[in-house]
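Structural overview for review
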Amino acid sequence: MKALTDTQIIDEFWNRYTELVRTAVIPYQWEALNDRIPGAEPSRAVKNFKVAAGLEEGEFYGFVFQDTDVAKWLEAVGYSLANHPDPELESIADGIIDIIAAAQHENGYLNTYFTIKEPGKQWTNLQDCHELYTAGHMMEAAVAYFKSTGKRKLLDVVIRFADHIDSIFGREPGKLRGYDGHQEIELALVKLYEATGELRYLRLSRFFIDERGQEPNYLVEEWEKRNRISHWTGRPGGMNLAYHQAHEPVREQKVAVGHAVRAVYMYAAMADLAKLDGDPSLREACERLWANVTQKQMYITGGIGSTHHGEAFTFDYDLPNDTVYAETCASIGLIFFAQRMLRIEAKSEYADVMERALYNNVIGSMSADGKHYFYVNPLEVWPEASEKNPGRHHVKAVRQPWFGCSCCPPNVARLLCSLNQYIYTADTESRTIYTHLYIGSETEYTLGSDRVTLKQRSELPWSGKADIRVRLEAPGTFRLAFRIPGWVTAEPAIKVNGERLQFQTENGYAILERLWKDGDSIELDLPMEARLFGAHPEIRSNAGKTAIERGPLVYCLEQIDNGAPLSSITIEPNTALTHSYDESLLGGAVILEGEGAKEDSNAWSTAPYMPLQSVTTPFRFRAVPYYLWGNRTPGEMSVWIRTKG
């Protein structure tokens, strides 16, 4: 499949988000990076670069990977400028790029922590210190900015840095056979290769993937050399190779373990290399790990990583709702992984997960004003417990203006600014254009001698109707493939020029092959109804509970609509769920209602326990899309609700 050439989003639902990022999020985050948000945790990421460049005096501040917040912001700016040229924003970006370039060492090295705080200790603690991870994010930023503006300054900076890294790492005598504790550079080097055509960067990415988990294990050797001292504590500490996905070679890994973001960033790079190298063993590993993540370790919202201890996977079906982690970055990484699996083979399951994570966990992490964020994305919130129970302090009842570790906010910005890259792919060999996401847009591909433009209009997420108009300079025969989402509740209908067609499916895609003419129109009707879902019996947190979905959206109950405690509400298993559009709900959304019951608290004495009884009153509950929760009066929230009887 070739890379996306040119896609513009024209969509009532998603343009709200792309415009929010462009007009509010990017400016707000620039203020945060410059420590100008009252009440927010300081970042000083920009100041670190100024100090490293010799432009200001000062000490290093923040995490060892603080540079990445600037890099991800620049990447978001690059994607935004590609869609909406903005001379003022471009000038601001050029200014920080000048400072970054001034902070680079003569040999190409670039990292403000090791420039300011620990000069001379570069590449001595790959396990903890995120040097290659930080380099990878700057590479991604440089590629995005170069592609959008044509300006090479940051690209040339990261080329020098990549060349330096290539001189340090490898299997050749005198080089380090190491790899980063936090994966990221592996997928970034693939992007740098695609932007420059330099095969050394692809080989270096492959080295980092292939070397991981090999014996003798580099991370263990490095750990022993520094007397097992941890960067984070300054004291001797243990070694958990599985946390870094370095416990065995990547091709032998069967289940997702360790830090969730690191894992899916690595899986995305593995999928890139499997596609580019035609590597069957790497592809098999990707398919195996994909199945484990999405079938046994993923929340219904598309969140992954169930524990705050190490922001990590635990084990199959361990998916607690109230102490969940489900970091925003992890869902974004899962989307990266899904996108790359689609490039290997168009299968609807990949796009289904991509859509689920996007519509629920990712956009739900950002407030309606674009200025507050969730790092953790829970499925159950009890505000008093978040405040007073140390085991739940990581679960916030309200979004935060910024974080000391603010990896998630700029990650959301860069994903939403590049959303146009996730809607379509094309396979030139089979002359097929695939539509993966139903997002209003216009795209253009060249299939042989046919230059094809598709203009899509979509009513998602509120309705399953979409139509596509074909533009051609001359009639041509090729295939258009449309995903049949997993949420479709009845036989979908597809019409071409008003005539309903029978269609064949391949891997969950409806395939339409014919002689297409300019002006041909395709109408899709993908039936969408609200449904109650249960959980696998092994998911103990959800025993006797149900969740509600409609189309790509997961729904939740909030205290503001249903009162507290939400745990006193039960849903009738056979309730008829009704839907209506509420224009007053945060820009408008479909809300759901149904019949249930609520326990009568007046039937209880002050004693905590009483003989079992059932004293309930009928109750009509109201559910709202999960992505909107927490934007009104703070209170309880729950995705999974008890069922009656």
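Structure: above.
Residues numbered from 1 in each chain as written. Predicted model: local features only at pLDDT ≥ 70, side-chain atom pairs only at ≥ 80, totals over all residues. Heavy atoms only, no water.

**Regarding unusual backbone geometry**
A cis amide bond, omega -5 degrees, links Glu215 with the succeeding residue Pro216. Take Pro216: it is sitting in the loop between helix H10 (199-211) and helix H11 (218-225). Here the residue pair Ala564 and Pro565 is connected by a cis peptide bond, since its omega of -5 degrees sits within 30 degrees of zero. Take Pro565: it is sitting in the loop between helix H18 (559-562) and strand S17 (569-571). For Asn227, which is not glycine, the phi dihedral falls at a positive 60 degrees. By the element assignment, Asn227 lies in the loop between H11 and helix H12 (260-277). The residue Glu311 is not glycine, and still its phi comes out positive at about 50 degrees. By the element assignment, Glu311 lies in the loop between helix H13 (280-296) and helix H14 (328-344). Taking relative accessible area as the criterion, Glu311 reaches 17% and is therefore assigned buried. (Helix = DSSP H or I, 4+ residues; strand = E, 2+ residues; numbered from the N terminus. Buried < 20%, exposed > 50% of the residue type's maximum accessible area, 1.4 Å probe, protein only.)

**Things to note about H12**
Taking 1.5 Å per residue, 18 residues should reach 26 Å; H12 reaches 25 Å between its end C-alpha atoms and fits that length. With 15 of its 18 residues buried, H12 lies for the most part within the structure. Phi turns positive one or two residues past the end of H12, at Gly278, with a value near 60 degrees. (Expected span 1.5 Å × (residues − 1).)

**Observations regarding the sheet that holds strand S9 (residues 493-496)**
Here we have seven strands laid out as an open sheet, ordered S1-S5-S6-S7-S13-S9-S10, and antiparallel in their pairing. The sheet terminates laterally at strand S1 (6-9) and strand S10 (499-500), the two strands that pair on one side only. In this sheet, S10 lies alongside S9 in antiparallel orientation, the contact comprising two bridges. Bridged to Val496 within S10 is Glu499. (Pairing = 2+ DSSP bridges.)

**Describing the pairing of strand S19 (residues 589-599)**
With eight of its 11 residues buried, S19 lies for the most part within the structure. With three bridges joining them, S17 and S19 adopt antiparallel strand pairing. Within the sheet, the bridge partner assigned to Ile569 lies in S19 and is Lys598. Alignment of strand S18 (residues 578-582) against S19, held across five bridges, turns out to be antiparallel. Paired with His579 across the strands is Leu592, a residue of S19.

**Side note on the side chain of Glu558**
Locating Glu558 in the fold gives a position in strand S16 (residues 553-558). For Glu558, the residues in contact, after removing those within four places along its chain, are Leu566, Val624, Leu628, Trp629, Gly630, Arg632, Glu636 and Met637. (Contact = heavy atoms within 4.5 Å.)

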